[in-house]
Amino acid sequence: MRVTTPRALALAAFPLLWAAASRGLAQETITLREALAVERMGAGGREPFFTDPVALAMATGAWKTPAEGDTIALGEQAATWHKVSAGEDGWLRVPELRGGYASFSVASEHDRVMILDARGHGLVYVDGVARAGDPYSNGLIRLPVLLRAGTSELLFRGGRGELHATLVEPGGTVVFDTTDDTLPDVIAGEEGELWGGVGLLNATTETGAGLTVRASATGADGAPVVAETAVPGIVALGVHKAAVRLPRAPANAEGKIVVTLELLRDGGAIATRQVTLNQRGPTDKHVRTFVSRIDGGVQYFAVTPMQRAPEAPALGHPPALFLSLHGASVEGSGQANAYEHKDWGTVVAPTNRRPFGFDWEDWGRLDAIEVLDTASAMFGADRARTYLTGHSMGGHGTWQVGAQFPDRFAAIGPSAGWISFWSYGGLIDYGAGTPVREAFTRAASPSDTLSLSDNYTDLGVYVLHGDADDNVPVAQAREMRRRLAEFHTNFAYFEQPGAGHWWGNRCVDWAPMFDFFRANHRGERRDHIRFSTANPAVSATYRWATVLEQAEPMRPSRLDLTIDAPGNAVSGTTENIARLSLLLGETQREVTTKNEAGEELKGAAPDPARPLSITLDGGTVSVSAWLVAQPIVLARVDGAWQVAPGDDRARKGPHRAGPFKQAFDNRAVLVYATGGDDAEDAWALAKARFDAETFKYRGNGAFVVVSDAEFMLTSTDLGNPDRNIILYGNADTNLAWDAVLEGDTVRVTRAGVVLRGQTRADADMGVLMIRPRRGSATASVGIVGGTTLAGCRATDRLPYFVSGVAYPDYTVLTPAVYQQGIDGVLDAGYFDGAWR
């Protein structure tokens, strides 16, 4: 349907204020009201592939803007496009938007950029180009879009049955986005850098380069306190959440610090806005920010500090730390606020990168550990008294993070937690019917909480659930109780009678759970250890043993080892482990373990002055010279264990192992191709931008997007050889390919995909892949591309930023995945330990 809206409606339906509107005229607002809609067709859930006729048509280039009465088909299914209209409030509420589509036509007299502010959609195609959506309707994504002279189509994929969409003049070339700040509280008396995350929109069709954000506030002497931060170039029509230094300045009488932000280009301000920071006392509940190693973006965590009466006796140990994981839709700040101050430790609540985020898996799990590391150092936390808890989705996170990192915690306390995506979250199990299906089943193995449940053995576990929970059924807790009862000797279980899902703050701040925590502390010494991991790149180390490499990637690896100190020996069994390291210096630490009588046990440790005997899986290796502070590396060769010269960083290991999604880490730079034809280059830019804005929405992300030419010429940190790189395109179109993958035996070109020394030349192949970066012992290269334009477009809708959805090291597919699902995948699998 054709939409024209007069300027008189500019602020009537959905007011927006943009700082750069300097010419004194009301900014035009267009509310999208009349559309053609079609019901959902195809199938899919939380899985790597779904069927969808629109996605198929977009990938193959067959899409045409529908007219009323047109039909669309997928197999034997067919549906008709028909008119729908928004209500007076501008919201379009129709059943077709539960997974279906709504097509709007917008007229414009000339090419112009507008800001799309939409809520309730999974994504939107603007004249066939995919842009990120706002499925949770939280208003955190606003996008510059280009309306062409004549008529442009905005095609929305529906989410939960309703959609609100407006187009607003940007008021400038590059402007601040005032809707999505990440800002710290200022703690009285503290010094050091302050960081904030501030949104920027590039409302032009060129890269926004040469930008600086100047932040200023009034100092104690009345003079300005200034901090400046250079901003990476912002891709055409792109968004970027910039990490910005903020000035430390005194608060006003209301306890506020008003900071003026200026966006500078060539020394002059092109946009201005203000933000307000709150000053807090050291023992007040507060929010802190940090710069993440995942993407260089600013994240926050919330704190409920320890409060101890001055007359109270000394603790006798460093303060405890309680890492608390929030539920879906909950902010980390809200989670921390649910706790009363403790007199023996600090409550710290990370964010999962967003209120919905990643279910405390994938980048949510990384966020939890980043915050744990940061807060432990900041508050001087007792490693022996660090605890993990959480509610609902955070209860699941407690099960998951506790299983992945058992030696980081003394005890865990899930409340109303679900077990896994298979038991609660709807993840599709592809089984093992074909090699491709088996590869995808293995890719999801880190999400299999139950397969890692042996890792709870040395942890105290307190399980809390309401027996009338209508959100997360109590059966989830009862199943974990049953599992724990099979082997665990230190767990407590409590069901609150009549309680639902949320029964007030006490369902997280539960006194008996904290009493249980107080009674449990982590003993440093473990002569007998058992440990399982699905991927050493996720979790590799327990106490004094580290799984360096798997024999078969992404299958569970297990070890069961015992130290015989008097015999100067280590013995045990392993499963699916190709390389292993032992750091026996860990056993030399002072111990805090006690026997049943409460007496402290120190125990003996292996003596480095004597040869060490290591018996694994029935074979014995003697190590004549070893050091307590240096790992002993063992490799399994032809079925027998032997001492290896060291940790070979060129091989797969905890530092770099795949699968594909692991590439979006380590401050990855998204590099799009400019060496192809116009259509290939336009696709590469659009796909890199789509990934960046999708991760911004889902993960509060800040990935930098640059062209291959810019990347090759950069002298900034973007060119750091130990940063991950995502290449969009192929070796023929992306000029950076050989700079980061020169000499690689795996290659994607217009002619085909080279795997296993052979060139596969099927039509229209799309590729997802991870490879080691040339010249780096730690960095990875992700490949998103294909052999043809249709093959590249086949990757457009793959949901790799959805938690639990997993892809192997490499996937070769065609647009047929949108018609056949996983059966449209031509090849998928894993590289071995040497990346072959």
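Note: the structure precedes this text.
A few points on the structure. (Residues numbered from 1 in each chain as written. Predicted model: local features only at pLDDT ≥ 70, side-chain atom pairs only at ≥ 80, totals over all residues. Heavy atoms only, no water.)

Of the regular secondary structure elements, the chain holds 13 helices and 50 strands. Whereas a compact globule of 836 residues would reach a radius of gyration of roughly 28 Å, the chain reaches 28 Å, a difference of no more than 12%. Referenced to the eigenvectors of the C-alpha coordinate spread, the extents of the chain come out at roughly 85 × 70 × 60 Å. Residues classed as buried in the chain amount to 59% of the 836 residues present. Here the contacts in the chain between residues at least 6 apart in sequence split such that 71% fall between residues at least 24 apart. Counting only carbon and sulfur atoms, one obtains 49% of the accessible surface of the chain, whose full area is about 30,800 Å². For the chain, the centre of its 78 positive side-chain charges and the centre of its 98 negative side-chain charges are spaced 1 Å apart. (Helix = DSSP H or I, 4+ residues; strand = E, 2+ residues; numbered from the N terminus. Rg over C-alpha atoms; globule rule 2.2 N^0.38 Å. Buried < 20%, exposed > 50% of the residue type's maximum accessible area, 1.4 Å probe, protein only. Contact = heavy atoms within 4.5 Å. Areas by Shrake-Rupley, 256 points an atom, 1.4 Å probe, with all protein chains shown as cover. Lys, Arg positive; Asp, Glu negative; His and termini not counted. Charge placed at Lys NZ, Arg CZ, Asp CG, Glu CD.)

On to a nonpolar patch on the surface, then. A cluster of nonpolar side chains, namely Met712, Leu713 and Leu735, defines an oily patch on the protein surface of about 340 Å² accessible area. Mapped onto the fold, methionine 712 is located in helix α10 (residues 708–713). A relative accessible area of 43% means that methionine 712 is categorised as partly exposed. (Patch = residues over 30% accessible without salt bridge, like charges linked within 9 Å, V, L, I, M, F, W, Y side chains within 5 Å. Salt bridge = Lys/Arg side-chain N within 4 Å of Asp/Glu carboxyl O.)

This next bit is on the sheet that holds strand β33 (residues 545–550). Ordered by their spatial adjacency, five strands build an open sheet running β32-β33-β36-β39-β40, and the pairing between neighbours is antiparallel. Bordering the open sheet on either side are β32 (541–542) and β40 (640–643), each of which pairs with just one other strand. Relative to strand β39 (residues 632–637), strand β36 (residues 577–582) is paired through four bridges, and the arrangement is antiparallel. Bridge assignment links arginine 579 to a residue of β39, and that residue is alanine 635. (Pairing = 2+ DSSP bridges.)

With 114 residues, the main nonpolar core has Phe49, Leu323 and Tyr728 as its most contacted residues. For tyrosine 728, the residues in contact, after removing those within four places along its chain, are Phe664, Leu670, Val671, Tyr672, Ala673, Trp683, Ala684, Lys687, Ala688, Asp691, Asn734 and Val784. Of all hydrophobic cores here, the second largest spans 32 residues; its members include Ala37, Ile115, Ala118 and Val145. (Core = buried A, V, L, I, M, F, W, Y, C linked by side-chain atoms within 4.5 Å.)

A separate point is helix α9 (residues 678–699). Compared with an ideal rise of 1.5 Å per residue, which puts 22 residues at 32 Å, α9 spans 31 Å between its outermost C-alpha atoms and is within 8% of the ideal. Burial within α9 is extensive, with 18 of its 22 residues counted as buried. You can read the cap of α9 off the contacts: a side-chain oxygen lies 3.2 Å from the backbone nitrogen of alanine 679, and it is on aspartate 677. Within two residues after α9, asparagine 700 carries a phi angle of roughly 50 degrees, on the positive side. (Expected span 1.5 Å × (residues − 1). Polar contact = N/O pair within 3.5 Å; in protein donor to acceptor, adjacent residues only side chain to side chain.)

Taken as a whole, this structure holds 47 salt bridges when the rule is applied. A salt bridge links glutamate 680 to arginine 750, with the shortest nitrogen-to-oxygen separation between them at 2.8 Å. Residue glutamate 680 is found in helix α9, and its partner arginine 750 is found in the loop between β44 (747–749) and β45 (752–755); the two are separated by 70 residues along the sequence. The closest approach of N and O atoms between arginine 836 and aspartate 832, which form a salt bridge, is 3.1 Å. Under the relative-accessibility criterion, arginine 836 is labelled exposed at 65%.

In this section: the sheet that holds strand β42 (residues 704–707). Read across the open sheet, the seven strands follow the order β42-β41-β43-β48-β47-β49-β50; overall the sheet is mixed. The open sheet terminates on both sides in strands that have one partner only, identified here as β42 and β50 (825–829). Across this sheet, the average inter-strand angle for adjacent strands is 15 degrees, counted without regard to direction. Sheet topology places strand β43 (residues 725–728) next to strand β48 (residues 780–786); four bridges connect them, and they run parallel. Counterpart to isoleucine 726 in the pairing with β48 is glycine 782. Of the strands in this sheet, β41 (669–672), β42, β43 and β48 are in contact with α9, which crosses β41 at around 160 degrees. (Axes fitted to C-alpha atoms, helices over the stretch in contact; angles between N-to-C directions.)

Here we take up helix α1 (residues 53–60). Spacing of three or four residues puts side chains on the same side of an α-helix, whose turn is 3.6 residues. Counting buried positions along α1 gives seven out of eight residues, so the element sits mostly inside the fold. By the burial criterion, the buried members of α1 are Pro53, Val54, Ala55, Leu56, Ala57, Met58 and Ala59. Taken together, the buried residues of α1 touch β4 (71–74), β8 (101–108), β10 (121–126), β13 (150–158), α12 (789–793) and α13 (817–820). Between the side-chain oxygen of the N-cap and the backbone nitrogen of valine 54 there are 2.8 Å, and the N-cap of α1 in question is aspartate 52. Just beyond α1, the residue with positive phi is glycine 61, at close to 85 degrees.

Across the eight residues of strand β9 (residues 112–119), eight count as buried, placing the element largely inside the fold. Every second residue of β9 is oriented toward a common face, with Arg112, Met114, Leu116 and Ala118 on one face and Val113, Ile115, Asp117 and Arg119 on the other, all of them buried. Relative to strand β12 (residues 142–147), β9 is paired through six bridges, and the arrangement is antiparallel. The residue bridging arginine 112 from the neighbouring strand is leucine 147, located in β12.

Attention shifts here to the environment of asparagine 724. Examined against the element boundaries, asparagine 724 turns out to sit in the loop between α10 and β43. For asparagine 724 and alanine 663, which are 61 residues apart along the polypeptide, the C-alpha to C-alpha distance reads 6.4 Å. Look past the residues within four positions of asparagine 724 in its chain and what remains in contact with it is Gln662, Ala663, Asp665, Asn666, Arg667, Ala668, Val669, Ala779 and Ser780. A distance of 3.0 Å separates polar atoms of two side chains, one belonging to asparagine 724 and the other to asparagine 666. At 2.9 Å, the side chain of asparagine 724 and the backbone nitrogen of serine 780 are in polar contact.

What follows deals with the packing of aromatic side chains. In this description, a pair of aromatic rings is defined by centroid distance and the angle of the planes. For the structure on display, the rule yields 41 aromatic pairs. Ring centres 6.3 Å apart and planes at 10 degrees place the aromatic pair tyrosine 136 and tyrosine 697 in the stacked group. Here tyrosine 136 is found in the loop between β11 (129–132) and β12, whereas its partner tyrosine 697 is found in helix α9, with 561 residues between them in sequence. The buried category is assigned to tyrosine 697, whose relative accessible area is 4%. Considering the side-chain rings of phenylalanine 664 and tyrosine 800, the 5.6 Å spacing of their centres and the 25 degrees angle between planes classify their relative orientation as stacked. Of this pair, phenylalanine 664 sits in the loop between β40 and β41 while tyrosine 800 sits in the loop between α12 and β49 (810–813), and the two are 136 residues apart along the sequence. Of the two residues, phenylalanine 664 and tyrosine 800, neither departs from the other in class, the shared state being buried. Three or more aromatic residues joined by ring pairs form one cluster here, namely Phe49, Phe358, Trp363, Tyr430, Phe440, Phe660, Phe664, Phe695, Phe703, Tyr800, Phe801 and Tyr807. (Phe/Tyr/Trp six-rings, centres within 6.5 Å; stacked < 30°, edge-to-face > 60°.)

Moving on, we come to the side chain of arginine 112. Relative to the helices and strands, arginine 112 is located in strand β9. By relative accessible area, arginine 112 is classed as buried at 17%. A polar contact is formed between the side chain of arginine 112 and the side chain of serine 108, at a distance of 3.3 Å.

What follows covers unusual backbone geometry. That bond from glycine 658 to proline 659 is cis: its omega, 5 degrees, falls within 30 degrees of zero. By the element assignment, proline 659 lies in the loop between β40 and β41. With a phi close to 50 degrees, aspartate 127 is a non-glycine residue in the positive phi region. Position of aspartate 127 relative to the elements: it lies in the loop between β10 and β11. Phi is positive for asparagine 666, close to 60 degrees, though the residue is something other than glycine. Take asparagine 666: it is sitting in the loop between β40 and β41.

What is shown is where atoms sit, not what they do.
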